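Here's the letter readout for the chains.
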Amino acid sequence: TVSSENLFSENKHFTAPGLIEHMAQTVALYTGYQYYLKNEPAPVGYIGSIKKVEIERLPKISEELTTTATILHEIMGVTLVNIITECNGSTIAASQMKTVIAPS
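Keep in mind that this is a model prediction, so the values were computed, not measured.

Looking only at helices and strands, one finds 1 helix and 6 strands in the protein chain. Of the regular secondary structure in the protein chain, the N- to C-terminal order runs β-β-α-β-β-β-β. Taken along the three principal axes of its C-alpha coordinates, the protein chain extends 40 × 25 × 20 Å. Residues classed as buried in the protein chain amount to 29% of the 104 residues present.

What follows is the structure, encoded as structure tokens:
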């Protein structure tokens with residue numbers, strides 16, 4: 001749920017950079033959960049690339065976001081995903097991201 005206290009909230013809306021960060025954090029959650037299942041500490045990761053970002057509209061404060069990441073490829077610490085963010089049953093944003101796990 002978008003909060004007015006969020007760093008990326010401005011003029012009663014969630015900003016485009018906030019929406020992109022939200023999508024990236026969804027991928028981070030997936031990666032962290034995979035390590036949790038293996039009972040290993042979650043690694044530090046980075047966004048390697050972002051492409052095909054489409055933002056249909058910015059969500060308003062108090063709207064709930066549902067974000068789905070579909071894993072396309074995952075090899076040697078690099079994950080390529082398609083991400084879709086929905087609000088009130090409609091797609092409001094989509095992107096493709098590549099995340100990279102930092103070397104230990």
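Here we come to the packing of aromatic side chains. Inspection of every chain in the model, using the stated rule, returns 1 aromatic pair. Aromatic pair Y33 and Y36: ring centres 5.8 Å apart, planes at 25 degrees, arrangement stacked. A residue pair is termed a helical-turn pair when its members lie 3 or 4 positions apart in one helix, as Y33 and Y36 do in helix α1 (residues 16-37) at 3 residues. Y33 gets classed as partly exposed once you look at its relative accessible area, which sits at 46%. For Y36, a relative accessible area of 59% puts it in the exposed group.

The subject of this paragraph is the sheet that holds strand β5 (residues 78-87). As summarised here, the arrangement of the 4 strands in space is β3-β6-β5-β4, forming an open sheet in which the pairing is antiparallel. Among the strands making up the open sheet, the edge pair consists of β3 (45-55) and β4 (65-75). Averaged over all pairs of adjacent strands, the angle between their axes in this sheet comes to 20 degrees, without regard to strand direction. As defined by bridge partners, β4 adjoins β5 across 10 bridges and the pair is classed as antiparallel. Paired with A69 across the two strands is I83, which belongs to β5. Running over the sheet, α1 touches β3, β4, β5 and β6 (90-101) and is turned about 55 degrees from β6.

Its identity as a non-glycine residue notwithstanding, S62 has a phi of 80 degrees, on the positive side. Examined against the element boundaries, S62 turns out to sit in the loop between β3 and β4. At M76, a position not held by glycine, the phi torsion is positive, near 50 degrees.

A few words on α1. The terminal C-alpha atoms of α1, which comprises 22 residues, lie 32 Å apart, in line with the 32 Å expected from a rise of 1.5 Å per residue. For α1, the elements touching its buried residues are β2 (13-14), β3, β4, β5 and β6. At the C-terminal side of α1, N39 shows a positive phi close to 60 degrees.

Glancing now at the side chain of S95. You can see S95 is positioned in strand β6. Apart from the residues lying within four places of it in its own chain, the contact partners of S95 are M23, K51, K52, V53, V81, N82 and I83.

Secondary-structure assignment places V81 in strand β5. Sequence separation between V81 and S95 is 14 residues; the distance between their C-alpha atoms is 8.3 Å. Sequence-distant contacts of V81, that is, excluding residues within four places in its chain, are made with V27, T70, I71, L72, S95, Q96 and M97.

Reading the values: rules and limits
- Residues numbered from 1 in each chain as written.
- Predicted model: local features only at pLDDT ≥ 70, side-chain atom pairs only at ≥ 80, totals over all residues.
- Heavy atoms only, no water.
- Helix = DSSP H or I, 4+ residues; strand = E, 2+ residues; numbered from the N terminus.
- Buried < 20%, exposed > 50% of the residue type's maximum accessible area, 1.4 Å probe, protein only.
- Phe/Tyr/Trp six-rings, centres within 6.5 Å; stacked < 30°, edge-to-face > 60°.
- Pairing = 2+ DSSP bridges.
- Axes fitted to C-alpha atoms, helices over the stretch in contact; angles between N-to-C directions.
- Contact = heavy atoms within 4.5 Å.
- Expected span 1.5 Å × (residues − 1).

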